[in-house]
Amino acid sequence: MASWKEQLAFAPLETLERGEEIGRRLRHAIELGVLEEGAQLPSESDLAARMRVSTLTLRSALAELRHLGLLETRRGKGGGSFVRANIGGIAKAQLDALAAYSLDELLDIREYRAFLAGSAAMAAADRSQQVSIARLASMAAQIESVHTPAEMTRADSRFHIELAAASGSTLLTRQEMAMQAEVGALVWAGDSDRRRAAGKEHALMVNAIQSGDTHLARALAEDHVRRDMNRLIDLRMSMEPPPQGSTPRSEDIDRIVSAIELFTASLQGSVAASIMAVERAVQADLDRTKNGKLAELPNVYDAARRTLDGAVPALYGAGFAADPSYFGEMGFIWCYIPSDPKSPQRMELDLEFYDYSTAPWWPEKGSDDTVHASHAYVDAFGANEYLVTFTKRVVREGRMAGVAAVDILVTGLQIAFQPLLRHLPSSTCIVDQNDVVIATHTANLLGGTLLPSHQIDRRITLPSVPWTLCIGVSKETVAKTG
């Protein structure tokens, strides 16, 4: 049976980007210390068979690792490919790998890793009498006695894998190993030295497991992982060109606030123009139709498509959703941009599973005919994206025919606001009407929610949208969304 090291480093690939994935998998295994200094890789034919790729694809990936200085080839008897760890190429490779991740991807990884670690710690505490506490405690303390980043990575990774194994779940352990291969080495990228802090956090988790305190074990594990991932997200944010000056002056802050207000007003203007274009098309088509059927609105899709052409990047979709009480059926006409802004597509959904009349953006009874913005929400049965939706009722002879609407990606707002937010004091964010953070330049605020008890130096209501700019949020008062 293959060891956990071999399972982690040489498992079959499940992606089409096989050449790139092989190099990434093996590089991370070397950085983690799973493949140690001087270790010999299996023969090319054997390794290609294990990873289910062609020998040619494998050779290309190995050549890249040699170029990075992570492998060396020895000829003759006893020759082959051997690991060269702890050399200068690793640090650059780590930062290059980190730069390839978007903030949205890192946020997703943060929450998934926290879930894995928290679940493992809780399960281990629940079965504490069956867990080798001495072994887990020994693994927890190893990180305090190491010195190099590679050693820190190895010690931290082994503890988390051992923690997952203590849960008694093979599947959870495999998922933890996969996450360690994905970002375990990156957690220790840069100049960070959290050995003592990490050692203390590990020890607290072990103590909670030993005492059988499932809730505390889970909370400690989740906090530990989020703390590590937040440092990594901050490092990723710092890779952007730094703003001029260090501490912003009051006049600089006022200037940036004005720029943020100008952007939100411009965004709302684009949204309103798009909604009005869709509404005009609906009204014109209804003027021409006799039966009032949704299928007899031929120009609405083209109108929605035109509004997205050249629009601000955050705009994701536009269209019309019918009111069943008016048309006698549910239905919508919707254009969205899944990837390339130059290739909008018609959205098709099975309405048996998507009752949009209960969606956060559907107008409440008594709503007026102005443009309204929903809170940030995950459209799990529609676009499968994290969105804010702007809507306006379309009214015919006093009856609501439906809504004209525009979707905005929350990730698009983060991208648009971040360059401006970076010029403001640390721990600044923009929140929606439910105080959910939709943009920030600080990792511990990313994906969070502010509570009424939070300390905020300055709140500024942004024009035309139900969002608030919060400057100087106290870090210790940030709470996670549920």
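Residues numbered from 1 in each chain as written. Predicted model: local features only at pLDDT ≥ 70, side-chain atom pairs only at ≥ 80, totals over all residues. Heavy atoms only, no water.

K.L.:
It is not clear to me how the nonpolar core should be interpreted in this structure. Could you clarify?
P.N.:
Side chains of a nonpolar character, in soluble globular proteins, are inclined to be buried together. Of all hydrophobic cores here, the largest spans 68 residues; its most connected members are Phe320, Ile430, Trp467 and Leu469. Among the elements that make up this core, the one with the highest residue count is helix H12 (residues 250–288) (eleven residues). Of the residues that make up this core, three or more belong to each of domain 3 (256–411) and domain 4 (417–475). Not counting residues up to four positions away in its chain, the partners in contact with Leu469 are Val257, Ile260, Leu421, Leu424, Thr428, Cys429, Ile430, Arg458, Arg459, Ile460 and Leu462. Formed by 49 residues, the second largest nonpolar core is a distinct cluster that contains Leu116, Met179, Met205 and Leu235. (Core = buried A, V, L, I, M, F, W, Y, C linked by side-chain atoms within 4.5 Å. Buried < 20%, exposed > 50% of the residue type's maximum accessible area, 1.4 Å probe, protein only. Helix = DSSP H or I, 4+ residues; strand = E, 2+ residues; numbered from the N terminus. Domains from an automatic or database assignment. Contact = heavy atoms within 4.5 Å.)

K.L.:
Whenever I open this one, the packing of helix H8 (residues 149–166) against helix H10 (residues 195–210) confuses me. Can you help?
P.N.:
Between two packed helices, both the angle of their axes relative to each other and the distance between the axes serve to describe the pair. Relative to each other, H8 and H10 sit at 15°, their axes nearing to 12 Å. With respect to H10, the element H8 is oriented roughly parallel. In this structure, H8 crosses over H10, and the sense of that crossing is left-handed. In contact with Met152, Asp156, Phe159, His160 and Leu163 of H8, H10 contributes Arg195, His202, Met205, Val206 and Ile209. Taken together, the residues of the contact of H8 with H10 break down into six nonpolar, two polar and two charged. (Axes fitted to C-alpha atoms, helices over the stretch in contact; angles between N-to-C directions. Parallel < 35°, antiparallel > 145°, perpendicular 65-115°, else oblique. Left-handed = near helix turned anticlockwise from the far one by under 90°. Nonpolar A, V, L, I, M, F, W, Y, C, P; charged D, E, K, R; others polar.)

K.L.:
Just checking my understanding: could you explain the confidence of the model for the protein for this structure?
P.N.:
The predicted structure's coordinates, where accompanied by low pLDDT, should not be read in detail. Per-residue pLDDT for the protein has a mean of 84; in total, 86% of the residues score no lower than 70. Mean pLDDT per element in the protein: strand S15 (residues 479–480) is the minimum at 47, and strand S10 (residues 429–431) is the maximum at 96. Within the model, pLDDT remains below 50 along residues 242–246, and this stretch shows four contacts once partners closer than five positions in the same chain are excluded. A low-confidence stretch, residues 477–482 stays under pLDDT 50, and its non-local contacts, those more than four residues away or across chains, total 19 contacts. (pLDDT = per-residue confidence, 0-100.)

K.L.:
Can you walk me through the packing of aromatic side chains in this structure?
P.N.:
Working definition: an aromatic ring pair is given by the centre-to-centre distance plus the angle between the planes. Applying the stated criterion across every chain, the model contains nine aromatic pairs. Between Tyr356 and Trp361 the ring centres are 6.0 Å apart and the planes differ by 20°, which places this aromatic pair in the stacked class. Ring plane angle 70° and centroid distance 6.3 Å describe the contact between Phe390 and Trp467, whose orientation is recorded as edge-to-face. You can see Phe390 sitting in strand S8 (residues 386–396) and its partner Trp467 sitting in the loop between strand S13 (456–461) and strand S14 (468–473), a full 77 residues away along the chain. Here the two residues Phe390 and Trp467 agree in accessibility, since each one is buried. Through a chain of ring-to-ring contacts, three or more aromatic side chains come together here, namely Phe332, Tyr356, Trp361 and Trp362. The lysine or arginine in question, Arg74, covers the ring of Phe82, its NZ or CZ lying 3.9 Å from the ring centre. Over the ring of Tyr301 we find Arg346; its NZ or CZ atom is 4.0 Å from the centre of that ring. (Phe/Tyr/Trp six-rings, centres within 6.5 Å; stacked < 30°, edge-to-face > 60°. Lys NZ or Arg CZ within 6 Å of the ring centre and 35° of its normal.)

K.L.:
For this particular structure, what's the right way to read the side chain of Glu222?
P.N.:
Here Glu222 lies in helix H11 (residues 214–238). Classification of Glu222 by relative accessible area gives buried; the value is 18%. For Glu222, the contacting residues outside a window of four places in its chain are Ala114 and Gly118.

K.L.:
Any chance you could explain the side chain of Glu176 here in plain terms?
P.N.:
By secondary structure assignment, the location of Glu176 is in helix H9 (residues 170–184). Despite its burial, Glu176 remains without a salt bridge, the nearest opposite charge being carried by Arg113 at 4.4 Å. With sequence-adjacent residues up to four places away left out, Glu176 is seen in contact with Arg113, Leu116, Ala117, His160, Ile161 and Ala164. (Lys, Arg positive; Asp, Glu negative; His and termini not counted. Salt bridge = Lys/Arg side-chain N within 4 Å of Asp/Glu carboxyl O.)

K.L.:
Explain the sheet that holds strand S11 (residues 437–440) here, please?
P.N.:
Two strands in a sheet stick together by hydrogen bonds in their backbones, pointing the same way (parallel) or opposite ways (antiparallel). Spatially, the four strands line up as an open sheet ordered S11-S10-S14-S13, and their pairing is antiparallel. Two strands in the sheet have a free side with no partner beyond their single neighbour: S11 and S13. Strand-to-strand, the axes of this sheet are offset by a mean angle of 25°, without reference to chain direction. Examined bridge by bridge, S10 and S14 share three bridges and lie antiparallel to one another. Among the inter-strand pairings, Cys429 is bridged to a residue of S14, identified as Cys470. (Pairing = 2+ DSSP bridges.)

K.L.:
What is the right way to look at the pattern of salt bridges in this model?
P.N.:
Pairing between side chains becomes possible if they bear opposite charge and their charged atoms approach one another. Across all of its chains, the model carries 17 salt bridges by this definition. For Arg288, the salt bridge goes to Asp285, with nearest N and O atoms at 2.5 Å. Pair noted here: Arg288 and Asp285 are both in helix H12, with a separation of three residues, about one helical turn. Residue Arg288 is classed as exposed on the basis of its relative accessible area of 53%. Judged by relative accessible area, Asp285 falls into the buried class, the value being 1%. Between Asp369 and Arg393 there is a salt bridge, with the nearest N and O atoms lying 2.3 Å from each other. You can see Asp369 sitting in the loop between strand S5 (345–346) and strand S6 (372–373) and its partner Arg393 sitting in strand S8, a full 24 residues away along the chain. Judged by relative accessible area, Asp369 falls into the partly exposed class, the value being 37%. Connected via shared salt-bridge partners are Arg110, Glu111, Arg218, Glu222 and Arg226.

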